[in-house]
Amino acid sequence: MGFTTDNVPARRLAQLAGVGGIAVGVIALTALYSTKPINPLIAVASFVPILLTITFAASLICLAFRRWILLAVSVALIAIGASVISPLYVANSSQIDGPTLRVMQANLLFGQADPESLTATVREKAVDVLTVQELTTSLEGSLRDQGLEQLLPHHYLVPDEAGGGGAGIYSRFPLTDTRKLNGFGPTNLVAQVGFSTPFTLMAVHPGPAYVTPPDVWTTELNTLRNALDAAAAQETVIVSGDFNTTFMHQQFRDLLDVGYSDAADQLGVGIVRTYPADKKFPAIVGIDHVLVRGAQAKSLERVEIEGSDHFGVIVDVTVPE
């Protein structure tokens, strides 16, 4: 006997698959919209697209075996998730006239990134502004020896040899009003960049999820939201960093709600997966971002950072005159 829709055991398995797919979808959506400091929900949110794919596969089984109620519930769950995810794949940019500069973001894995390769990337890609996290004193010296400070002569560096708290801004243009943001474990930096039209640059690095206690992780992202809100008083702001959060986290989307756009979202390139970059399997989550306010992303490229567990991102940003 063939495997048909009249096959009772198969229909029961289809029903089980449908119920399972719905359960997975409910968990995914709960994590997608949750702001509670609960580590399992924080972890699950990073994998919402994968979980909804499971729900979608289960819905196809329900369709094949005419499990209409289960199919309807599955489709509703997928539609709710798609309302958040699908806009990432549709460009929503507007035309802004003005000069363009190139911003690069790089997490340096506790100073283990290869200084020669990083400097070569900055040179070959003609980077104008580089934000780095997990900068150590020894790597700072190695980057200087490789000529990074000749390429980007203006810098605001706060290295940390003890761990991953260091950070830095390297720039082709003068930096003024430099300061650290309070309320974070890792170092977060702010500077005014003397571009043709000056703008505020924030190099950010909230504590990592799962490693940082969930209440601290949530608090740091709330602190970052307040900092972005305060910076929004400036006409143009660029925020570059390892946010340790993905677009699937409500906490990240709350950052955008105070007047910012993710460069990847503006360009419609979808989820740019940047971590982990040092495994045999592809990167899974996108936690390195460039946000803009009063500016327009023109292109985005993911680049390798040798020796790091993150990919870097390079974004061309047009700043209005």
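These figures come from a predicted structure and were not determined experimentally.

Peer 1: Help me out: how do you make sense of the sheet that holds strand E11 (residues 296–303) in this one?
Peer 2: Sheet strands pair by backbone hydrogen bonding; their relative direction is either parallel or antiparallel. Spatially, the six strands line up as an open sheet ordered E3-E4-E2-E1-E12-E11, and their pairing is mixed. Among the strands making up the open sheet, the edge pair consists of strand E3 (154–158) and E11. For this sheet, the mean inter-axis angle between neighbouring strands, taken without regard to orientation, is 15 degrees. Along the sheet, helix H5 (residues 115–124) makes contact with strand E1 (100–107), strand E2 (129–133) and strand E12 (312–318), crossing E1 at roughly 165 degrees.

Peer 1: I keep staring at the side chain of Asp 265 and nothing clicks. Help me out?
Peer 2: If you trace the backbone, Asp 265 turns up in helix H10 (residues 263–267). No salt bridge forms around the buried Asp 265; measuring N to O, its nearest opposite-charge neighbour Arg 253 is 9.8 Å away. Residues contacting Asp 265, with those up to four places away along its chain left out, are Pro 87, Leu 88, Val 90, Ala 91 and Asn 92.

Peer 1: How do you make sense of the nonpolar core when you look at a structure like this?
Peer 2: Soluble, globular proteins show a tendency: their nonpolar side chains are buried together. Counting residues in each nonpolar core, the largest one holds 36 residues, and the members touching the most others are Met 202, Leu 228, Val 239, Phe 243, Met 248, Tyr 260 and Leu 291. Counting residues per element, the ones that place at least two in this core are helix H1 (8–33), helix H3 (48–64), helix H4 (68–85), strand E7 (199–204), helix H8 (214–231), strand E8 (237–242) and helix H9 (250–256).

Peer 1: Would you take a moment to explain the packing of aromatic side chains for this structure?
Peer 2: What describes a pair of aromatic rings is the distance from one ring centre to the other and the angle between the planes of the rings. Evaluation of the coordinates by the stated rule reveals four aromatic pairs. Each ring, one from Phe 243 and one from Phe 252, has its centre 5.7 Å from the other, and the planes form 85 degrees; the classification is edge-to-face. We note that Phe 243, like Phe 252, is buried. Among the aromatic side chains, those forming a connected cluster through ring pairs are Phe 173, Phe 195 and Phe 199. The aromatic ring of Tyr 33 is capped on one face by Arg 253, whose charged end is 5.6 Å from the ring centroid.

Peer 1: Just to check I follow, could you spell out the pattern of salt bridges for this structure?
Peer 2: Within the structure shown, the criterion is met by five salt bridges. Of the charged contacts, one joins Arg 144 and Glu 140 as a salt bridge, the two residues approaching to 3.1 Å between their closest N and O atoms. Pair noted here: Arg 144 and Glu 140 are both in helix H6 (residues 137–145), with a separation of four residues, about one helical turn. According to the relative accessible area criterion, Glu 140 is buried, its value standing at 13%. When the shortest N-O distance is used, the salt bridge between Arg 144 and Glu 149 registers 3.5 Å. By relative accessible area, Arg 144 is classed as partly exposed at 41%. Judged by its relative accessible area of 17%, Glu 149 is buried.

What counts as what
- Residues numbered from 1 in each chain as written.
- Predicted model: local features only at pLDDT ≥ 70, side-chain atom pairs only at ≥ 80, totals over all residues.
- Heavy atoms only, no water.
- Pairing = 2+ DSSP bridges.
- Helix = DSSP H or I, 4+ residues; strand = E, 2+ residues; numbered from the N terminus.
- Axes fitted to C-alpha atoms, helices over the stretch in contact; angles between N-to-C directions.
- Contact = heavy atoms within 4.5 Å.
- Buried < 20%, exposed > 50% of the residue type's maximum accessible area, 1.4 Å probe, protein only.
- Lys, Arg positive; Asp, Glu negative; His and termini not counted.
- Salt bridge = Lys/Arg side-chain N within 4 Å of Asp/Glu carboxyl O.
- Core = buried A, V, L, I, M, F, W, Y, C linked by side-chain atoms within 4.5 Å.
- Phe/Tyr/Trp six-rings, centres within 6.5 Å; stacked < 30°, edge-to-face > 60°.
- Lys NZ or Arg CZ within 6 Å of the ring centre and 35° of its normal.

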